[in-house]
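Residue-level structure breakdown
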Amino acid sequence: MTTTRSLVSESTGSKFVTKDVELRRMSPTSVKLDIHYSGICHSDIHQVRDEWSAGIFPMVPGHEMAGIVTEVGSAVTKFKVGDRIGVGVFIDSCRECEYCLADMENYCVKGPVPSYNGRHYDGEPAYGGYAHSTVVEERFAVHIPENLALDVAAPLLCAGITVYTPLTHWNAGPGKKVAVLGMGGLGHLGVKIAVALGAEVTVLGHSAKKKADALEFGAVDYLTTEETIGKVRNRFDMILNTTSADLNVDGLLAMLRVDGALVNVGLPGTRQSYNPFSIVDGRKSIAGSNTGGMKATQEMIDFCAKHGIGSTIELLNAADPGAIDAAYERVVSSDVRYRFVIDARTI
């Protein structure tokens, strides 16, 4: 049995401890990744705390991994030892359904295997990126270009692809006015990527404290929701909602132009409602998007490398697991600029 040093949550909401966890066995088509950096996503917190559903414990969170290949299976053709690679939200899919065949493995009919808090199709538990190493099928990893630093690349494997997919699907680009609602771990990358795509970007925030950062990232304006909801109308082609807050959906829909879309990538904890007149009057849409397939993820990484886009991060030394517990509390309090990344080499 081969193990890897990991940060482990042993039960619902428990503090992290450092332990050795069993690595998945190598297969002919798998690669072993020496994890250098692992991002902290708010969904990690939800899952450790059983806020979405019952978790599988012990749990090693983390689905934003960046590092170096240290071993390859006998049939691997995509990578070689020494390559810089990233692993994101899921690590397998059926590879046979219509969506897998269309490079949209994230919508696999059988259900993609999550990087952690799930099970492989053979029943083995999946452990995530808060660890020294992981083993993954080559199809479910991407190359990270040399000009993109691994620490700022790690959050792109979830946060980056989560905003890139809807922005490109709804054709954010020259001539389009895009509003990004919320500028946290997801939203700040939404701003950077939408600007690089050529869109005119406005940030809608709870308060004005992030205005300077938004303008630095390329937004043309920063408005508070108090200033806009119910007051601004017919302005945006797309609103990308990156928050998990309860919203005035009708007020947001009123901000959209004809054929505009309110696209949700944040996941609020409660149901939300709207008046059907808000969409009929303007042929507007309420939509959602869920990460992206492997082809789109590689495309996103290459796009970010080309345009010099990385996550704005705070780096964590994980020699003391308490640093992760403290970071979780700061994420919940929206006290991070803008994504925590664990230096996995310190675990």
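Residues numbered from 1 in each chain as written. Predicted model: local features only at pLDDT ≥ 70, side-chain atom pairs only at ≥ 80, totals over all residues. Heavy atoms only, no water.

1. As for the pattern of salt bridges
- Counted under the stated rule, the structure contains 18 salt bridges.
- Taking the shortest distance from any N to any O, the salt bridge between Arg 5 and Asp 20 comes out at 3.3 Å. Placement of Arg 5 in strand S1 (residues 3-8) and of Asp 20 in strand S2 (residues 17-22) is noted, with a sequence separation of 15 residues between them.
- By relative accessible area, which is 34% here, Arg 5 ends up partly exposed.
- With its nearest N and O atoms 2.5 Å apart, the salt bridge here joins Arg 49 to Glu 329. Here Glu 329 lies in helix H11 (residues 322-332) and Arg 49 lies in the loop between helix H1 (42-48) and strand S4 (65-72), a separation of 280 residues in the sequence. (Salt bridge = Lys/Arg side-chain N within 4 Å of Asp/Glu carboxyl O. Helix = DSSP H or I, 4+ residues; strand = E, 2+ residues; numbered from the N terminus. Buried < 20%, exposed > 50% of the residue type's maximum accessible area, 1.4 Å probe, protein only.)

2. Description of the packing of helix H4 (residues 159-169) against helix H10 (residues 294-307)
- It is the contact of H4 with H10, at a shortest axis distance of 10 Å, that shows an interaxial angle of 100°. Comparing their axes, H10 and H4 come out roughly perpendicular. Residue-level inspection shows Gly 160, Ile 161 and Tyr 164 of H4 in contact with H10, the latter providing Ala 296, Thr 297, Glu 299, Met 300 and Phe 303.
- Classifying every residue of the contact of H4 with H10 gives five nonpolar, two polar and one charged. (Axes fitted to C-alpha atoms, helices over the stretch in contact; angles between N-to-C directions. Parallel < 35°, antiparallel > 145°, perpendicular 65-115°, else oblique. Contact = heavy atoms within 4.5 Å. Nonpolar A, V, L, I, M, F, W, Y, C, P; charged D, E, K, R; others polar.)

3. Considering the pairing of strand S18 (residues 313-317)
- Across five bridges, S18 lies against strand S19 (residues 339-343) in parallel orientation. Pairing of Leu 316 across the sheet is with Ile 342, part of S19.
- Chirality of the crossover, the property in question, places the unit of S18, H11 and S19 among those that are right-handed. (Pairing = 2+ DSSP bridges. Right-handed = clockwise from strand over helix to strand, strands pointing away.)

4. Thoughts on the packing of aromatic side chains
- All told, the structure shown has five aromatic pairs when counted by the stated rule.
- Residues Phe 16 and Tyr 328 carry aromatic rings whose centres are separated by 5.4 Å and whose planes lie at 90° to one another, so their mutual orientation is edge-to-face. Placement of Phe 16 in the loop between S1 and S2 and of Tyr 328 in helix H11 is noted, with a sequence separation of 312 residues between them.
- One aromatic cluster in this structure is built from Phe 16, Tyr 130 and Tyr 328.
- The aromatic ring of Tyr 121 is capped on one face by Lys 110, whose charged end is 4.0 Å from the ring centroid. (Phe/Tyr/Trp six-rings, centres within 6.5 Å; stacked < 30°, edge-to-face > 60°. Lys NZ or Arg CZ within 6 Å of the ring centre and 35° of its normal.)

5. Considering the packing of helix H5 (residues 187-197) against H10
- Running from amino to carboxyl end, H5 crosses H10 at an angle of 75°, the nearest separation of the two axes being 11 Å. With respect to each other, H5 and H10 are oriented roughly perpendicular. Where H5 approaches H10, its residues Ile 193, Ala 196 and Leu 197 are matched on the opposing element by Phe 303, Cys 304 and His 307.

6. Quick notes on the environment of Arg 139
- Mapped onto the elements of the fold, Arg 139 is located in the loop between strand S10 (133-137) and strand S11 (142-143).
- What makes Arg 139 partly exposed here is its relative accessible area of 26%.
- Along the sequence, Arg 139 and Gly 308 sit 169 residues apart, while their C-alpha atoms lie 25 Å from each other.
- A distance of 2.9 Å separates a polar atom in the side chain of Arg 139 from a polar atom in the side chain of Glu 105. (Polar contact = N/O pair within 3.5 Å; in protein donor to acceptor, adjacent residues only side chain to side chain.)

7. Side note on a nonpolar patch on the surface
- There is a patch of nonpolar side chains on the surface, built from Tyr 99, Met 104, Tyr 107 and Val 109 and spanning about 350 Å² of accessible area.
- A residue is classified by how much of its surface remains accessible, and Tyr 99, at 30% relative accessible area, is partly exposed. (Patch = residues over 30% accessible without salt bridge, like charges linked within 9 Å, V, L, I, M, F, W, Y side chains within 5 Å. Areas by Shrake-Rupley, 256 points an atom, 1.4 Å probe, with all protein chains shown as cover.)

8. Considerations on unusual backbone geometry
- That bond from Phe 57 to Pro 58 is cis: its omega, 0°, falls within 30 degrees of zero.
- The omega torsion across Arg 337 and Tyr 338 is -15°, close enough to zero to call that bond cis.
- Considering the arrangement of structural elements, one finds Tyr 338 in the loop between H11 and S19.
- Phi is positive for Asp 259, which is not a glycine, with a value near 70°.
- Tracing the sequence through the fold places Asp 259 in strand S16 (residues 256-264).

9. Focus: the sheet that holds strand S17 (residues 285-288)
- Strand order across the open sheet formed by six strands is S14-S13-S12-S15-S16-S17, with parallel pairing between neighbours. Edge positions in the sheet fall to strand S14 (221-224) and S17, since each has one partner strand and no second. Each neighbouring strand pair of the sheet contributes to a mean axis angle of 20°, computed without reference to strand direction.
- Relative to S17, S16 runs parallel, the two being bridged by four bridges.

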